[in-house]
Every structure is written in structure tokens, then in C-alpha cells.
There are 4 protein chains.
Amino acid sequence: NGPLAVMAGLNVLEDEGLALEVGTELKRICGGLGLPYVFKASFDKANRSSIKSYRGPGLEAGLRYLASVKAKLGVPVVTDLHEPFQAEPVAEVADIIQLPAFLVRQTDLVIAVAKAAAKEKALIQAKKAQFMAPWDAKNILTKIAEVAPETGVILCERGVSFGYNNLVVDMLSIPEMKKLGCPVTIDATHAVQLPGADPRTAGASTGGRRDGVSIIAKSAVAAGADGVFLEFHTDPDKALCDGPSCLPLSAASELLTTLKRIHQALNG
Amino acid sequence: NGPLAVMAGLNVLEDEGLALEVGTELKRICGGLGLPYVFKASFDKANRSSIKSYRGPGLEAGLRYLASVKAKLGVPVVTDLHEPFQAEPVAEVADIIQLPAFLVRQTDLVIAVAKAAAKEKALIQAKKAQFMAPWDAKNILTKIAEVAPETGVILCERGVSFGYNNLVVDMLSIPEMKKLGCPVTIDATHAVQLPGADPRTAGASTGGRRDGVSIIAKSAVAAGADGVFLEFHTDPDKALCDGPSCLPLSAASELLTTLKRIHQALNG
Amino acid sequence: NGPLAVMAGLNVLEDEGLALEVGTELKRICGGLGLPYVFKASFDKANRSSIKSYRGPGLEAGLRYLASVKAKLGVPVVTDLHEPFQAEPVAEVADIIQLPAFLVRQTDLVIAVAKAAAKEKALIQAKKAQFMAPWDAKNILTKIAEVAPETGVILCERGVSFGYNNLVVDMLSIPEMKKLGCPVTIDATHAVQLPGADPRTAGASTGGRRDGVSIIAKSAVAAGADGVFLEFHTDPDKALCDGPSCLPLSAASELLTTLKRIHQALNG
Amino acid sequence: NGPLAVMAGLNVLEDEGLALEVGTELKRICGGLGLPYVFKASFDKANRSSIKSYRGPGLEAGLRYLASVKAKLGVPVVTDLHEPFQAEPVAEVADIIQLPAFLVRQTDLVIAVAKAAAKEKALIQAKKAQFMAPWDAKNILTKIAEVAPETGVILCERGVSFGYNNLVVDMLSIPEMKKLGCPVTIDATHAVQLPGADPRTAGASTGGRRDGVSIIAKSAVAAGADGVFLEFHTDPDKALCDGPSCLPLSAASELLTTLKRIHQALNG
């Protein structure tokens, strides 16, 4: 049992300066705690509720920012993608390529990611969809193994549909997915989304419950998660995407310290 | 209030002969009942649970089959697509372009479909995702209206996640979506799927409850659905995709007759 | 296949005059339509969200009102109860004794009702709990059959928990419960409740969606329900309990006429 | 923030010897860990799925066993009840009176328990029902406060309906209920039940997932639960009720040690 892994950064890339600021601070905190750190940010939020929402810098500029963070901070990076043609360029930069939850059953995307990951020796992180049972994550692994049997896969829990406009995290899904032979991470940020119901925008973008992020992260680590996935911002209320479920960067140190302690508590 | 619309045909195209056989029979039945008929079939099942499952003839051959059915039978056709680049060629053939449930929040796909539909004077049918509340279907309409304000949109109910490996159809979603100003259809075939749990394949493909199709179709028409979406096969147990939720073609006449009667019962 | 049965009346008894007024009108409508009619009203709402809510006239006065309706109108009556000691006195008046959804797994209550029903030749209507799968209604039937093998049982669908503060009616539960060998009814009134979330009372009593009652009733009849359970009031907004899901008495004729038509449409 | 409280013992009383054996060992373990300990056992399982299932020794003998455990071990006891008339005798023995989840909205039972608890200076533990949102637990508190404003109430999370035959624990419910001003406990044993679906008995009694108990307990403590509720047996596979979700007594020491560590990790 290794240390708790931390994938953390921004929901979406805004500019390179912010990415470096957030990555630098998170690297510093994780370094101090002895936790492996991966910088996370998206270059395109391709499924925003509204067409008017900010989507990010796009593939080209986004990968340039990520490459810069990687080079300047010396940390691995994880990012997500949405179409098969993006797999190759993303794999050239990202150390971990993330399959989005809504798209995790799109065979062409899974195959393209698997091939690109195999070629570039990247890992794949697959988010379990909001409509998927934990045991059915096996089908994702099987698809990947057909074309990239040597490629490592991480499964990520991010909540499951629970009635309308709500998600719930079933903590039993964590050991259930670990039975499939993969490390399992918790995306505590997206798990607290209230899909389609952000009252600030009258329902036109997805809401969140910021206070819930640390609850879900702590619970999931106690349930055996091998890593956490968290989104921060220097000023969450001004974040260009998903502010309601985003944590202030100033809260990172205390939360990560607690998560490390819980992780250690499990192992005696 | 016009007559009940019928979108019916095959889950996935297998060969042109089967498509013509099924389309001919359904056209005959609907004609006899005075119900408008649209032939439905997919050219690619892009999100099968398993990589080994049959996906269909693909874009090019599939559109050729659909064009042939359209020309030979003189009926409109509806089909679905999965990537933005497919929107233009599909719109050249399909009278109704269908956005799949899993992909209905992918902005690029929605925009590409909206533009192509506007250009070719096609309609769009958007399936409400399994993770989406009926009132949040408004976001799909808004996205489409941004680029194709004149294009007609049909919303389709196909069930919502209800625990693991199950869907439920909330009949109240039908009037709820009608409030958004669109016709609403019921996809009774996919609504009875048991996602990820087909016992015939030990969970590697999605199961169904064939007996439930007619129950859901009848209930939804009674709840005010403007149209039904149904999949048939001459031999459902040999269907290459989703056999467990597929009806035998021989059952079409009796079911459609009953649905017409229920639709009439609503209007006195 | 007999005609559609109608259990309808008041949510809770208020005074004898209102009960007679509502019962007289519903008897008249059902008589005109050829539908068997049973008067429904509760004498005690024993599980209101708030202690301050109106509960009803209680056992003694309530049974007196019900006996009066039964005698004056010449119709059978159905009412519910909450404790084992109430079974005998209720069975002396009620033709159908109703087991409430929340209490349907309380063995002592089920047994007491079964014994009293057997003694007085009453029927039992068991509401499937909001936390119960339709196939698990079999356990209720088995418990009753142990002590009252000759007693007829009706199963009633009234919605199932769907996330927080919401219920959904799974129309497939109707044929599923019919497989158990019982007639199945739909309680369309309680199925549209929004548990715990009546905005009029800031969450201290349960809300409803009046417009949904007829949708659920029509859908369920189309799904094969043998009877409907509906609550009316001469002035729903002044009803002392569950007004938000209560229909105005003036709407009864049109709704019941439509339900009869749908029921007939099923049988050709 | 005090130490983690432990309510633990038997699902249902079988004989006095077993109760003493289990209570002695749990008292010893909790004492060693510095955790306050309350012995738990039910005298009547009043809502078993099947009439043939073992229900327990009943009120009189059950209270005698509980009084004996209390006297011989010098520990407080918690037990549940099902009818208003049981409140007074139970309150004479029990230090904590438990309202069962299914019955927590039955006003007469809540009032009877509140009065008896006030008279005997007992606490009340109310289990949030499987069909109840965490914020709606406020209604239970309000009902109790109307008649027993000085009486302490503990709210207990035991899972919420999630589709058919499944429960999920929403860890966010723990801080949500703590906002109501009460301590919150986690019933990890009942939370892993699979309602109505024990394969060992072909669905006639409720199943469980023994491996999940410790996961839920650990997660809930990490989410801020003030206490845990756990059921043990010297030989779970021979337990007369709910064996599938029961832990072996031999596992208690390791689990409670880990839970204490997680609880401490939260507080630095």
C-alpha cells in the first residue's frame, strides 16, 4: 500500500499564470506531506449545460499550457478529452489521459485513447459514468485491454444519479471497483455537483455543494480510495467553470493533511 | 392534436433486405391505421458495452441502406450519430437526426447537428439522457436555438437511472417536457433496458425486458406522448443488438392498434 | 376482464356532510359510466410530517361517518388503519381494509388485519411501500395467506422513492404485481406527493403535484391497472390534508370518463 | 469533540448467555480504546419479510435480558420498539430508546417515546427512514420537542432507497443532519442490507453485504459521524436474524481500533 495519490489543480485552464500558481502551491503541499502529486486541468469543457458557458482555451493552447506546467514544475499532468482525434496529441503531453464519465461507453473514444496511451506509455483514468454500476466498469477495462493490454488503468468514482438533479457517492463502489484489479480514485469535486440546478444561473449551469467536497474526499479515502481528485481555484467564486463545487486554494493544505492522516489510519 | 406518430424499425441495420422487409410491413400497418410513419435504424452502435458486439454497417453503407429504404418505400427516416463530422452526411439522408442520450450534453455534437439540420431542413430528435431531469432538457433546446432557431426539435423520453442496472420511466416527464414547447416521444424499447446486466452475456452487454415495451408504450401514450419509438425484428432472439428489448415484427399490428385506441381515448 | 374499479373520496374525513357530498357525486358519476365504486376516506392520518397537522376525527367518529356513508349511499367503503387493535372495529365497517405503505412490513399489523378481514369477509388492500420492489410484495401476500388463506388481497402502487423528496411510479410494477395473482390498483394521488417538501409550509408537510394525478392515473390504467384510487375535495386548496395532490370534485367526471375509455381501448 | 461512541451488540436477542458474551467482549474492547460503549439488542424484529422468521424473545423476556446485561456489565443499553404501549416499559430499562426507520413518521409512536424518554431521562435515537431526506429529519426533532423539549435526540443514518433491492449511504447526510443540532450515528449494519433479496432464502428475507459494514463505518466516521452502530455475533452464519450483514465478534477489535484512528485523524 503506497501513499495516497493526489490529482489536483484547476477545473478548466484559464491562463497559464493561474495554472502555474495553483500547481506550484499544490506541489509544495504534497511534497511536504510525502504525497505523489499530478497536476490536473481541462482544456475544453465540452458538455457545459449552456452554450454560453466558458469552455477553456481549446486543444492547442491547452496542451501548451499543460506542457509548460509539466516542464516548469516537473510534475506529471492529467487531462481529459472528448473526441478520438484528440487522443494522439493529448497523449504526447499528458501522463494520465482521462476518459470523461458521460463518454466512457463510446467505443471509438476508448479505443483511440487506449492506442495513444499505449504508444506514449501514458496511464488512463476512466471516470465511472453517473449511470453505471461499479461492477460494469469491467467493460471499460476489457475494451482497453483488447487494444492496449499493457496500459495501466485507474478507475475514478464521481457519483451516481440519485433522482433528479442530484448525485450520490456509494462508498461501496470503491472496494467493488478495486476488485477489478485497478487503483481507484475519488473525484470529490464533481461528486458534489447538483446536475442542471445551479440556482445562480437559474438552472442553466450545473450547481455544487462546496462544503461537501472534503466530506466526500475524507469518506472515500476511509473507504479505501488510492487517490483523490480535487479542483481548486485562487478565487472559487470567480472560477470560469463549476465554481460552486470548487475549493479555495488556501484550503488545500489542511484538507490534504487530513486525508493523509485518514489514509494512514487505515494501515495502522 | 394530430395523430400518434410512429418511429419504428430496427435497432441497428444488418442488411438492406431486412431493413426493407421491416419497413414495408410497418408502413403497411401504420398506413392502415392512419398513423404517420418514420423508418428508424442505426448505422453504428457506438457505445456497446463490449468491444466484440456488432456495431452495424458504419456511416457510408448505413446511409446507403437508409437512402434506399427512403426511396423504395417513400417514407421519412430517422437515425442517430455520434461525432460532429457525421452531421452533414447524415442530414443529407435523414429526415430526423437523432442525438443519443449519452451524448446530448456534448456541445460540439449538438451544434454540428443543429447546423446540418438547419441546412437540410431536417428535424432533430434529442433523447433525454438517463442522468437528466425533464426540465433540464431545456438546455438542449437552448443550445440548438442558438444556431438553428427555425429547426424543429422533438424530445424523447427513454428512461432515467434508477439505482444500478435499472431504468425507470417517469411518466410525469412527458407533460414536463411538453411544457418546453416540443412534441415528446417515448422510446419504449430502450426504456426497458437493464443497463449492463444482460444475463445471456454475463453482463458484457445490456439486457432488456421485452414484455415491458408495450406497457411503457401504452402508458406513455396515455400520459400524452405525441409519438412512439419502437424497435422490431423478424426474429428478435437473433437480432445482432439489443435482442432482449426488441419486439417481433409479428406483434407490431396489435400493439400499434392498441396505441392508436389509447391516443384516441384521450381526446374523447 | 371486468370494468375499471374506482376507489375514490376524501384524503381524510373532515365532517359527515363533506363525506356524503363527495360520495354522492362520485357514486353518481361512476354509476353513469358503469364503473364499480368504493368510497374512500381515512379516519386518522397517523404519519403527518408535523405534529400540528390535522389528523382526522379518529377511530370512533371516523367509523361512524363511514358507516353512515355506507348506509346512506349503499356503497362499499375502504379505509386504512395503523395499529393492530384497530383491525377488528375497522373490519366491522370497512369492506376493504387498507394497509398503509409505511407499515406494510409490520407483521403484527398485517396479521391483525388478515384475521379481522377473514372474520368479517372484508378484502385487504396493501399499498406497496415506497421502499419496496414490486416482486417483494409477494411477502405481504404470503404473510396474509398464512392466517387468512381465503381472503382476497388487492395490491396498490403508490410510487417508489426516487432520490430525495420525490417519488416515481414505475409502470412496469403493475404487470409485475399482477403476476402475483392479485388485482392491482394505482393510488394516483399519493404517487404525486413530493415527500417532505411542501413549499407552502416550508417543508413541514408533504407537497404534491396536482396536475400529475391524472397523468399517473391514465398511464397506470394503460399499463393494466384494475382499479384507480383517487382523492377529491370540493375545495382542494382548503383541504385539511394533502391539498396539493388533491383534485377538485368538479374534475372527477372528465377524468373518470377518460380512464374508462383508456381501459376499454386495451381490450379492443 | 468527544470520543467516538459505540453502540454495538446483537441484531436480536437470542438468549441471555449470548447477550452477556457479546456485551462483555465489546465492553472490554471499547474500554481498552477509551470509547464509550452502549449495548444494543432488539427484543422483537417486528417487520421481518417473512412471517416464519425468528422475531426475538418479545417485550417481557427481552427487557429482562437487557436489564440483566445492564446490571451485570454496568453499561447503558439501547433497544427499539414498535408500538406506543411499549414506550413506558422500554424506557424503564433502556438508556436510549430507538425509533425504527420505517416507523419514524408514526406520530403516536414518536409522542409515546418522547413522553416516556422524558419521564425516565432516557435519550432517543431516531433512525432516518429509507425514504427520507436528511433535512426532513427536522420534522422528527420538532415532534419530539413539542412534548419533550429537554430530551436529547440522536439521529442515525442507515441508508436510503436506491432503486429496487438496494440502499446507498449518502455521506453528505451526516453533516446535513448534524446541522440540525444533534449527534449523528451510522448504522453500518443495516445500511448494507439488500432489502428483500437475500439469495439464501429466495427473497423471503432481507440480504446483506458483510464486507461492506466496515467500509460504511469507516467512511461515515471520516464524514463526521459521532458514533457507530454495529451488530456482531459469535457465529454470524448461525445468527437468527440478518446474518448476512452481521460481523463476527472476533472482528470487533480490529474494526473499532481503525474507527478510533480515523476519528482521531479528523481532529489533528
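In every chain, residue numbers begin from 1 and rise along the written sequence. Each chain is given a letter, starting from A, and each ligand a number, starting from 1, according to the order in which they appear as written. In keeping with the model being predicted, local features are shown solely for residues with a pLDDT of at least 70 and side-chain atom pairs are shown and tallied solely at 80 or more, while totals for entire chains, interfaces and linings include all residues. To obtain the side-chain values, all non-hydrogen atoms of the structure were used and water was disregarded.

### Regarding the overall build of chain A
Here comes step 1: We count a stretch as a helix when DSSP gives it H or I for four or more residues in a row; a strand needs E for two or more, and each element gets its number in order from the N terminus. When helices and strands are tallied, chain A shows nine helices and eleven strands.
Here comes step 2: The C-alpha extent of chain A, read off along each of the three principal axes, is 45 × 45 × 40 Å.
Here comes step 3: When contacts within chain A are restricted to residue pairs at least 6 apart in sequence, long-range pairs at least 24 apart make up 73% of them.
Here comes step 4: As displayed, chain A offers around 8700 Å² of accessible surface, 52% of which is attributable to carbon and sulfur atoms. For this analysis, residues touch if any pair of their heavy atoms sits within 4.5 Å. Each accessible area is a Shrake-Rupley estimate made with a 1.4 Å probe; only the visible protein chains count as cover when residues are assessed.

### Some remarks on the interface of chain B and chain D
Here comes step 1: Of the residues lining the interface, four residues belong to chain B; the matching set on chain D comes to four residues.
Here comes step 2: Each of two parts loses accessible area, computed with a 1.4 Å probe, when they are put together; buried area is these two losses added. Here chain B meets chain D over a buried area of about 370 Å², counting both sides, of which 76% is carbon and sulfur.
Here comes step 3: By the criterion of area lost to chain D, the three top residues of chain B are Phe 162, Gly 163 and Tyr 164 of chain B, representing 88% of everything that side buries.
Here comes step 4: Think of a salt bridge as a Lys or Arg side-chain nitrogen and an Asp or Glu carboxyl oxygen that are within 4 Å of each other. Scanning the region where chain B abuts chain D turns up zero salt bridges.
Here comes step 5: Polar contacts, as used here, are pairs of N or O atoms within 3.5 Å; protein pairs need one atom able to donate a hydrogen and one able to accept it. Residues neighboring in sequence count only if both atoms are side-chain atoms. Scanning the region where chain B abuts chain D turns up zero residue pairs in polar contact (both at pLDDT 80 or more).

### Looking at the pairing of strand β9 (residues 184-187) of chain D
Residues and elements named next belong to chain D.
Here comes step 1: Exposed residues in this analysis have more than 50% of their type's maximum accessible area, buried residues have under 20%, and partly exposed residues fall in between, with area computed by a 1.4 Å probe over protein chains only. Here β9 shows a buried face lined by Val 184 and Ile 186 and a second buried face lined by Thr 185 and Asp 187.
Here comes step 2: Looking at chain direction, strand β6 (residues 153-157) and β9 are connected through three bridges and run parallel. When the bridges of β9 are listed, Cys 156 appears paired with Thr 185.
Here comes step 3: Pairing analysis gives three bridges linking β9 to strand β10 (residues 227-233), with the strands arranged parallel. Within β10, the residue paired with Thr 185 across the bridge is Gly 227. Paired strands are those between which DSSP finds at least two bridges.

### As for the packing of aromatic side chains
Here comes step 1: Pairs were defined over the aromatic rings of Phe, Tyr and Trp, the Trp ring being its six-membered one, requiring ring centres within 6.5 Å. Orientation was assigned from the angle between planes: stacked under 30 degrees, edge-to-face over 60, tilted for the rest. In this structure the tally under the stated criterion is 16 aromatic pairs over all chains.
Here comes step 2: Arranged with centres 4.9 Å apart and planes meeting at 85°, the rings of Tyr 164 of chain A and Phe 162 of chain C form a pair that is edge-to-face. On the criterion of chain membership, the pair formed by Tyr 164 of chain A in the loop between β7 (160-161) and β8 (167-168) and Phe 162 of chain C in the loop between β7 (160-161) and β8 (167-168) is interchain, its members lying in two chains.
Here comes step 3: According to the relative accessible area criterion, Phe 162 of chain C is buried, its value standing at 2%.
Here comes step 4: Between the aromatic rings of Tyr 164 of chain C and Trp 135 of chain D, the centroid separation amounts to 5.1 Å while the plane-to-plane angle is 75°, which identifies the pairing as edge-to-face. Of the two residues, Tyr 164 of chain C is situated in the loop between β7 and β8 and Trp 135 of chain D in the loop between β5 (123-127) and α5 (137-147); the pairing between them involves two chains.
Here comes step 5: We classify Tyr 164 of chain C as buried; its relative accessible area is 11%.
Here comes step 6: Lysine and arginine charges are scored as sitting over a ring when NZ or CZ, respectively, is within 6 Å of the ring centre and within 35 degrees of the ring normal. Directly above the aromatic system of Phe 229 of chain B lies the positively charged group of Lys 127 of chain B, at a separation of 4.2 Å from the ring centroid.

### So, the relation of the copies chain B and chain A
Here comes step 1: When the copies are overlaid, the least-squares fit takes in C-alpha atoms only where the residue has pLDDT of at least 70 in both copies. Overlaying chain B with chain A gives an RMSD of 0.0 Å, the required rotation being 180° about an axis along which the chain moves by 0.0 Å. Such values leave the two copies arranged in the relation of a two-fold axis.
Here comes step 2: Most of the interface of chain B is mirrored in chain A, where 100% of its interface residues again form contacts.

### Some details on the nonpolar core
Here comes step 1: Judged by nonpolar contacts, the single largest core of 348 residues is most densely connected at Leu 230 of chain A, Leu 230 and Leu 256 of chain B, Leu 230 of chain C together with Leu 230 and Leu 256 of chain D.
Here comes step 2: Those residues in contact with Leu 230 of chain B that sit more than four places away from it in its chain are Met 7, Ala 8, Gly 9, Ala 188, Thr 189, Val 213, Ala 217, Leu 255, Leu 256 and Leu 259 of chain B. Residues grouped as a nonpolar core are buried Ala, Val, Leu, Ile, Met, Phe, Trp, Tyr and Cys residues, joined through side-chain atoms within 4.5 Å.

### What about the environment of Leu 255 of chain D?
Residue and element names in this part refer to chain D.
Here comes step 1: On the secondary structure map, Leu 255 appears in helix α9 (residues 252-266).
Here comes step 2: Residue Leu 255 is classed as buried on the basis of its relative accessible area, which comes to 8%.
Here comes step 3: It is 9.9 Å that separates the C-alpha atoms of Leu 255 and Ile 215, two residues lying 40 residues apart in sequence.
Here comes step 4: Once residues lying within four places of it in the same chain are set aside, the contact partners of Leu 255 are Ser 214, Lys 218, Leu 230 and Leu 247.

### Concerning the side chain of His 233 of chain A
Here comes step 1: Structurally, His 233 of chain A is set in strand β10 (residues 227-233).
Here comes step 2: The residues touching His 233 of chain A, leaving out its near neighbours within four places in the chain, are Leu 10, Glu 14, Leu 18, Lys 238, Ala 239, Cys 246, Leu 247, Pro 248 and Leu 249 of chain A.

### Considerations on the relation of the copies chain B and chain D
Put simply, the second copy of the chain is the first one after a rotation about an axis and a shift along it.
Here comes step 1: Of the two same-sequence chains, chain B is brought onto chain D (RMSD 0.0 Å, axial shift 0.0 Å) by a rotation of 180°.
Here comes step 2: The share of interface residues of chain B whose copies in chain D are also at the interface is 100%, consistent with both copies meeting through the same surface.

### A short note on helix α8 (residues 210-222) of chain A
Since there are 3.6 residues in each turn of an α-helix, residues three or four apart along the chain are aligned in direction.
Residues and elements named next belong to chain A.
Here comes step 1: Summarising burial for α8: ten of the 13 residues are buried, a large majority.
Here comes step 2: Turning to α8, its buried residues number three or more, namely Gly 212, Val 213, Ile 215, Ile 216, Ala 217, Lys 218, Ser 219, Ala 220, Val 221 and Ala 222.
Here comes step 3: Positive phi shows up at Gly 224, right after α8, with a value of about 110°.

### Digging into the pairing of β5 of chain D
Every regular strand shows the same layout, with side chains that alternate between the two sheet faces.
Residues and elements named next belong to chain D.
Here comes step 1: Within β5, four of the five residues are buried, which leaves it mostly tucked inside the rest of the structure.
Here comes step 2: Note: strand β4 (residues 96-99) against β5, four bridges, orientation parallel. The partner of Gln 98 across the bridge, within β5, is Gln 125.
Here comes step 3: Once the chain exits β4 it traverses helix α4 (residues 107-120) before rejoining the sheet at β5, and the crossover so formed is right-handed. When the strands point away from the viewer, a crossover counts as right-handed if the route from the first strand across the helix to the second turns clockwise.

### Digging into the interface of chain B and chain A
Here comes step 1: Taken residue by residue, the interface counts 40 residues in chain B and 40 residues in chain A.
Here comes step 2: Summing the contributions of chain B and of chain A, the shared interface buries around 3500 Å²; its carbon and sulfur component is 48%.
Here comes step 3: On the chain B side of the interface with chain A, the three residues burying the most area are Ile 51, Arg 105 and Tyr 164 of chain B, jointly 22% of the side's total.
Here comes step 4: Linking chain B with chain A are four salt bridges.
Here comes step 5: We note a salt bridge from Glu 146 of chain B to Lys 52 of chain A, for which the minimum N-O separation is 3.7 Å.
Here comes step 6: Counting residues per element, the ones that place at least two in the side of chain B that touches chain A are α4 (107-120), α5 (137-147) and β7 (160-161) of chain B.
Here comes step 7: When residues are grouped by polarity, Ala, Val, Leu, Ile, Met, Phe, Trp, Tyr, Cys and Pro land in nonpolar, Asp, Glu, Lys and Arg in charged, and all others, Gly among them, in polar. Per-class residue counts for the side of chain B that touches chain A are 15 nonpolar, 14 polar and eleven charged.

### Notes on the side chain of Ser 219 of chain C
Here comes step 1: Residue position: Ser 219 of chain C is located in helix α8 (residues 210-222).
Here comes step 2: If we ignore the near neighbours within four places in the chain, the residues touching Ser 219 of chain C are Met 171, Ser 219, Ala 222 and Ala 223 of chain B together with Met 171 of chain C.

### Some points on the packing of α8 of chain C against helix α9 (residues 252-266) of chain C
All names here are of chain C.
Here comes step 1: As a rule, the C-alpha atoms of each element are fitted with a line to give its axis, helices using only the stretch in contact, and angles between N-to-C directions run from 0 to 180 degrees. Orientation of α8 relative to α9, taken along the N-to-C sense of each, is 20°, at an axis distance of 8 Å. By the angle between their directions, the pair α8 and α9 is classed as roughly parallel. Regarding α8 and α9, the two cross each other, and that crossing is right-handed. Across from Ser 214, Ala 217, Lys 218, Val 221 and Ala 222 in α8, the residues of α9 making contact are Leu 255, Thr 258, Leu 259, Ile 262, His 263 and Leu 266.
Here comes step 2: Of the residues in the contact of α8 with α9, the class split is seven nonpolar, three polar and one charged. The labels follow the angle: roughly parallel below 35 degrees, roughly antiparallel above 145, roughly perpendicular from 65 to 115, and oblique for the rest. A clockwise turn of the near helix away from the far one marks a right-handed crossing, whereas an anticlockwise turn of less than a right angle marks a left-handed crossing.

### Considering unusual backbone geometry
Here comes step 1: Not every positive phi belongs to a glycine, and Asn 165 of chain A is a case in point at roughly 60°.
Here comes step 2: As for its placement among the helices and strands, Asn 165 of chain A is situated in the loop between β7 and β8.
Here comes step 3: In this structure, Asp 242 of chain C is a non-glycine residue whose phi angle is positive, near 55°.
Here comes step 4: Within the fold, Asp 242 of chain C resides in the loop between β10 (227-233) and β11 (247-248).

All we've got here are geometric facts, nothing functional implied.
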